[in-house]
Amino acid sequence: MNLEDFQKSWQTQQAPEQPNKPTALETIAKVKALQQKVVHTNAIMTVVLCATVAAFVFILRPFLNPNTIWYDVGVGIVFVTVLLVTIMQWFKTASWKNRQLDLSSREYVTRAINKYTFLNTTNLKTTPVLMAFILIGINLIYVDIFWNGSFKLRLVMHILLNAVMITIGVVSFYYSKRHNENTYKPVIRELEELQQELEEV
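Counting starts from 1 at the beginning of each chain's written sequence and moves along it residue by residue. Local features in this predicted model are restricted to residues of pLDDT 70 or higher, and side-chain atom pairs are both shown and tallied only at a pLDDT of 80 or more, whereas totals for entire chains, interfaces and linings draw on every residue. The side-chain figures draw on all heavy atoms in the structure; neither hydrogens nor water molecules are used.

## With respect to the nonpolar core
Part 1: Grouped together as the largest cluster of nonpolar side chains are 17 residues, with contacts concentrated most on Val31, Val109, Tyr116, Tyr184, Val187, Leu191 and Leu194.
Part 2: Elements with a contribution of two residues or more to this core: helix 2 (24-64), helix 4 (105-145) and helix 5 (151-200).
Part 3: One finds Val78, Val82, Ile138 and Leu161 within the second-largest nonpolar core, a separate group that totals five residues. Residues grouped as a nonpolar core are buried Ala, Val, Leu, Ile, Met, Phe, Trp, Tyr and Cys residues, joined through side-chain atoms within 4.5 Å. With a 1.4 Å probe rolled over the protein chains alone, any residue whose accessible area is under 20% of its type maximum counts as buried; one over 50% counts as exposed, and the rest are partly exposed. Secondary structure elements follow DSSP: runs of H or I no shorter than four residues count as helices, runs of E no shorter than two count as strands, and numbering proceeds from the N terminus.

Set out below in structure tokens:
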């Protein structure tokens, strides 16, 4: 049975006691909408990456006139980390071979479940690691910025920097987790229900 036949069967055989249960068309529409949302997020991340690199290299570097190599090392770590995040996100999107509904219903749903589950788990696992690398990079930049300052000033600035960055990181991770739970998990549940229905047909 292909997707079109199943959608018609779904609509004609839906039990009346489950009026709020999403139809196959509604579930597939959510899948396609979420795919587009991922693409838009990737595009924004790419713009942010370019703007960040331009700011650090062409604006901050000439203005600060770095005293040591630590500034460039720190910028390099931040740049590589953000670049890896961007590449990972685009790779996850580009590798989504089931964008079009040209596969059998069962294969399409299975691939969509696997992809959303992958996105949900990897985002939560990689976010703390990537934030840690960004924190290391910014600390190295601070080493250069306050190179000529007193030890007390450098210590205080690093403590404040780490406190602010860790706070931002914890809050970002919390909201990222909630976002994933509200974005991916509902769609995964609907796809799993759709998969079960397909197996029963």
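From this point, the narrative continues.
## Regarding the side chain of aspartate 144
Part 1: Looking at the secondary structure, you find aspartate 144 in helix 4.
Part 2: Here aspartate 144 falls in the buried class, since its relative accessible area comes to 2%.
Part 3: When checking whether two residues touch, look at their non-hydrogen atoms; a contact exists if any pair is within 4.5 Å. In this structure, aspartate 144 is in contact with Pro66, Asn67, Thr68 and Tyr71, ignoring residues within four places of it in sequence.

## Concerning the packing of aromatic side chains
Part 1: The pairing test for Phe, Tyr and Trp rings, Trp by its six-membered ring, is centres within 6.5 Å, and the orientation test on the planes gives stacked under 30 degrees, edge-to-face over 60, and tilted for anything in between. The final tally for this structure, using the stated rule, is two aromatic pairs.
Part 2: Note on tyrosine 142 and phenylalanine 146: the rings are 5.4 Å apart at their centroids and 55 degrees apart in plane angle, and the pair reads as tilted.
Part 3: Since its relative accessible area comes to 19%, phenylalanine 146 is described here as buried.

## Quick word on the confidence of the model for the chain
Part 1: In the predicted model, the chain carries a mean pLDDT of 77, and 82% of its residues have values of at least 70.
Part 2: pLDDT is a residue-level measure of predictor confidence that goes from 0 to 100. Within the chain, helix 1 (residues 3-13) has the poorest average pLDDT of any element, 56, and helix 5 the best, 84.

## Topic: helix 4
Part 1: The span one expects for a helix is its residue count, reduced by one, times 1.5 Å. If you check helix 4, its first and last C-alpha atoms are 57 Å apart, about what 41 residues at 1.5 Å a residue would give, namely 60 Å.
Part 2: Two axes enter the definition of the bend at a residue: one is fitted to the seven residues ending there, the other to the seven starting there, and the bend is the angle between them. Along helix 4, the largest kink reaches about 30 degrees and is centred on threonine 126; proline proline 128 follows within four residues of it.

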